Amino acid sequence: MKKMTMWFLALLLVCNVALLSGCSGRTKDPGEPPAEVINPGQSSEDVTPDGNLSRDTDSDSSSSEESNTGNADDSGEVLENAISVRIGRDGTKEWNVNMYNNDAAMTMLDYLSGSALLFPTYTYDEEEGFVAQSVRGNYTRDDEQEIADVKAGDLYLFSGGQLRFYFKDMEGADITATPVGYYTDVEGLTEAVEEAYESNLDDTWGVDVYFWITKTLE
Amino acid sequence: MEMRKILLLAAVKRQKGSIIGIFLLVWILSACIFSSLTLYISGNDYVKGEMERLGFGELTIWVNGEESSLTEQIQALPDVEKAYAQPLVFSGYEINGGYSDNEGQLLVYDGTVDYRFLNADGIRTAAPKITEGTVYISPAMQASFDVTVGDTIRFELSRKDGTYSLTVAGYFADGFMGSSMIDMKSFLINASDYENMLDILRNTKETDVLGKCGAMVHVFQREDSALTAVEFYREIQENTDISLHTEFSYRRESILSYMLLLQNILCGFLIAFSVVLTAVCLIVTSHSLSSLIEQDKKDMAALKTIGLPGKQIRDTYLTAYGGVMLAGLIAGLFCSGMTARMLAQGLVSSTGMLVVVRLPIVPVLLLLGLFLLLFAAFLMLRTRRILKTAPVQVFQENPGGKIVSSKLRKAFLEWDIAMREIQSRRRNYMALCLASFVLAVFLSVVGRMGSWLGPNGEGLMNAFSVADHDLGVQPFNRDVPMDEIERVINWYSPIRETYELAMESVTVNGQEYEANVLNDTEWFHLMEGELPDGEGILITETVANGLELGIGDTVLVAANGRAQEYAVSGIYQCANGMGSNIGMSMEGYSRIGDITGFIWCYHYVLEDGTVRDYAMNYLQEHYRGIDVHTNSWSGLNGIVAMMHGLIGVIYVVAAVFILVSVALSTGKLLAYEAGTMAVYKSMGLSTKKLRRSFAFRFLIVSVAGTVVGLLAAAFVADGAVGMIFKNFGIGQFHSGFSILGIILPLLGLPAMFFFFAWAFSAKLKQVSIINLIHENDV
């Protein structure tokens, strides 16, 4: 009987050791990613160490060339009144903005919520008629287009992540960018931006124009 | 007197197995509870003493720059008893390819502060003379960097040729930064190395400088000062220039609780285990006592008939069992000092110092008295029957248990016999059922804690970090190819979730804190209240206590020269900066800070978090301009290994408990059933079948107890563990389905009851028809 008891105890200890070693087990080193992961141009697919197709995170896709035609209006479905914007730190008027249903616009919308976000812009170009700021996010260039003329209220995302808000009609602008949205009402827009810029000249951070942005899309 | 002695010896002889079993149980219980009490009190006293000895102020403020005038300004305040500065150099460092998450603080060792030096095991050694080019470190760093004597630590003071290498020459007990729970670590160096470092810092262009000089300013409050801790800190901030130089500041209590956090968690674990052990001990004792009384009933009746009072008979049993329990308690108490020392030794790599263990006499005596009272009351209660038993009643009783009439089917003979015996001796089996219930609840709770902890300590990491993640990447310039980096991470493991975190310095009602800003507030570990919108903030319990704030209160948060009012929307959990932090939404922070800068760290939750270290190493080696980290901190591996080890020990001790419980029960049941078994054997049932049938009874009752226990654990475990963890700074505990918490107890407990019962039923081999004849003779 003693022998049997010892045998069971030994078995129990082995089970415990196995259990615990399982708890702290270390995964085998998967090595280093192949060249086609670093530079996707070398291969059509990103392949994970176990051979699965990985999530597409490519922002430098060659497919952008295929969609470089057409106007902003051709971008497909529009998300009506997706965001609401107040121009200037003390701005009170709410401007409704429609957003295009493309990846770039959706990525931007992901950053917003029902609470107003104070968004500073550090570039004000009166001559070119836009206010710009680099934005965070991993953006595709799939919906990039060549656009000849831009209108006041248009929002475009440029390669490198610069978001431009045109507050003036600019004929012959000839830009290559992804249209992300447009103000639904442009009456008084130019003046509102100019006024916000003027009132912000002594900003301690050096911000040109502030925008309060609220996501209104459900 | 002679009669009692004979009775006592007879009782001890008959219940030898039970008595040894009870002794072992009480011994383990006693060693467990007294060692945890000893460790808890000794650890607190020792670390507190070390902090005082090393001169940690009631409040210590870490400042940057060479600002000697600060101490004078503080010293001049009416509520300040004294203030003094300990100069240091802040610097990031690299050891064996691993980079520090936080800056280390390099201090000159010149003997003015009485640091204690240790060997690798934490044993005190003589104070050395630190030579040029060498450094002494906390032993807690062994676990985090796999560093040992002779390794090189590279301190990064400037971007251009500013790496200063020092060789590890030994270890020292760092009384207030040594714990692996504290990311920042102290290093003791030679005075000329310190001067060389200062030269590098002074001669490096501002754009290239990485390290900085500074000091720890230890401040002591006057005894007669009427200011609260918050008011005292505010007085210092408002009346001196310290806020312009403050890196961070901590009160003595905060540092003490972080130094002792792991030790207290360990003690909490052991105390919880002791509570369960006490319950199991009482169940087993009750079981053994009732069995003995049952066996001795006829002798007792005879003794009563010849005039021996019931009280004297009872005293015999009380002496036997009380004596064994007392012996167990004393034996455990003697072992507790050694056990506590072993635990303290095991904690060296976590606390960074070897706690000197001293038995706390008064608390130990109080606890011993409490246990003696409990055991005495329990034994008195359980032996009441002896006084009530009348001789005539005993002779008329049927000793064979409740008569049960049930069909015995040939195909299920072993099973049916088992069921019949369970029904017949329901009370005896109820005790086993109860034991399996208690063990199931406990093992389920322990298993759930093990699963929550995870193989790499994910549970602990998530509880202490701002938000759950596997990998964090913070780019510092626009040239960093984040899309490429994401492809690399994705190659190691598909990315399940992504969000962004910024950690910015702010003041709340004038006091400096770190603001954890998330673009998606759902990731905060909310404990109470609501997630913050653009006009709300979350605070930790540390901040709530420190600033005496509650949900709904309005606070003034300021940063970058701007201030806004926010409402406290909730309490959240994050032990970063030892709890001195607040949580904000991106919208909320945008009102006082610029959200467009390179302040954001991209956090990734991976499908397979175990590859995170490989991904981190690859990114660190191949990309510049980024900071990569995993959701971990120095010394976490040591803590996790110890917790896993403790869980393993608990499983082994639980198995020993089952072994003892089953041994006691089988002895008693086999004694009862010797006659019945002989009858079964005479009817042609083999010993093998009888043993299986016997083991089946244990299986049936343990399955019932385990299932009910697991159901009970499912309802109460999270809440109960959460309550315990809350005392140790972990505010949230959620365990879902887990193999350790559900499957293991469900299969393991009944299996062990079955196998042990089967093993102990080997006695049945000796049962024969002779027993039957003997039974009938009695």
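Residues numbered from 1 in each chain as written. Chains lettered and ligands numbered in written order. Predicted model: local features only at pLDDT ≥ 70, side-chain atom pairs only at ≥ 80, totals over all residues.

## Brief notes about the overall build of chain B
Within chain B, the secondary structure is distributed over 24 helices and 22 strands. Classification of the 778 residues of chain B by burial places 49% in the buried group. For chain B, the share of sequence-separated contacts (at least 6 apart) that also reach a separation of at least 24 residues comes to 83%. (Helix = DSSP H or I, 4+ residues; strand = E, 2+ residues; numbered from the N terminus. Buried ≥ 20, exposed ≤ 12 C-beta atoms within 10 Å, placed from the backbone. Contact = placed C-beta atoms within 7 Å.)

## Examining the environment of D154 of chain A
Relative to the helices and strands, D154 of chain A resides in strand β7 (residues 154–158). Residues D154 of chain A and V97 of chain A lie 57 residues apart in sequence; the distance between their C-alpha atoms is 9.3 Å.

## A short note on the confidence of the model for chain B
In this model, chain B carries a mean pLDDT of 83, and residues with pLDDT of at least 70 account for 92%. ipTM for the predicted complex: 0.77, alongside a pTM of 0.66. (pLDDT = per-residue confidence, 0-100.)

## Re the environment of V605 of chain B
All names here are of chain B. One can find V605 in strand β21 (residues 600–606). When the C-alpha positions of V605 and Y499 are compared, they lie 8.8 Å apart, and in sequence the two are 106 residues distant. If near-sequence neighbours (up to four positions away) are discounted, V605 is found in contact with D468, H469, D470, R496 and E497.

## Quick notes on helix α8 (residues 261–305) of chain B
Side chains three or four residues apart in an α-helix point the same way, a direct result of the helix having 3.6 residues per turn. All names here are of chain B. Between its first and last C-alpha atoms α8 spans 62 Å; for 45 residues at 1.5 Å apiece the expected length is 66 Å, and the two agree. At K297, α8 shows its strongest bend, of approximately 55°. Just downstream of α8 lies G307, where phi reads positive at about 110°. (Expected span 1.5 Å × (residues − 1). Bend = angle between axes of the 7 residues up to and from the residue.)

## Overview of the pairing of strand β2 (residues 80–95) of chain B
Residue and element names in this part refer to chain B. Examined bridge by bridge, β2 and strand β11 (residues 212–221) share ten bridges and lie antiparallel to one another. Across the sheet, A83 pairs through a bridge with V219, a residue of β11. Examined bridge by bridge, β2 and strand β4 (residues 104–108) share three bridges and lie antiparallel to one another. Across the sheet, V89 pairs through a bridge with L106, a residue of β4. (Pairing = 2+ DSSP bridges.)

## Details of the pairing of strand β20 (residues 581–585) of chain B
Residues and elements named next belong to chain B. Counting buried positions along β20 yields five of five residues, so the element is predominantly enclosed. Side chains N581, G583 and S585 of β20 all project onto a buried face; the interleaved residues I582 and M584 project onto the opposite face, where all are buried too. Where strand β15 (residues 511–518) lies against β20, five bridges are found, and the strand directions are parallel. Counted as the bridge partner of N516 is G583 from β20.

## Digging into unusual backbone geometry
Look at N81 of chain A: it is not a glycine, yet its phi comes out positive at around 45°. Positive phi values are uncommon outside glycine, yet E548 of chain B reaches one of about 55°. Locating E548 of chain B in the fold gives a position in the loop between α18 (541–547) and β18 (554–559).

## Some details on helix α2 (residues 16–53) of chain B
Residues and elements named next belong to chain B. In this model α2 runs 53 Å from its N-terminal to its C-terminal C-alpha over 38 residues, within 8% of the 56 Å that 1.5 Å per residue would give. With 27 of its 38 residues buried, α2 lies for the most part within the structure. At the C-terminal side of α2, G55 shows a positive phi close to 85°.

## What to know about the confidence of the model for chain A
Confidence in the prediction of chain A, expressed as mean pLDDT, is 78, and 71% of residues score 70 or more. Low confidence marks residues 43–48 of chain A, where pLDDT is under 50. Its contacts with residues over four positions away, or in another chain, come to 13 contacts.

## Overview of the packing of α2 of chain B against helix α9 (residues 310–346) of chain B
Residues and elements named next belong to chain B. Relative orientation of the contacting elements α2 and α9 amounts to 40°, with a least axis distance of 6 Å. As the angle between them shows, α2 and α9 are arranged oblique. Viewed along their axes, α2 and α9 form a crossing whose handedness is right-handed. Here the contact of α2 with α9 is composed, by residue class, of 19 nonpolar, nine polar and no charged. (Axes fitted to C-alpha atoms, helices over the stretch in contact; angles between N-to-C directions. Parallel < 35°, antiparallel > 145°, perpendicular 65-115°, else oblique. Left-handed = near helix turned anticlockwise from the far one by under 90°. Nonpolar A, V, L, I, M, F, W, Y, C, P; charged D, E, K, R; others polar.)

## Considerations on the environment of T38 of chain B
All names here are of chain B. You can see T38 is positioned in helix α2. For T38, a count of 26 C-beta atoms within 10 Å corresponds to the buried category. Linking T38 and V364, residues 326 residues apart in sequence, is a C-alpha distance of 8.0 Å. Look past the residues within four positions of T38 in its chain and what remains in contact with it is S336, G337, A340, V357, L359 and P360.

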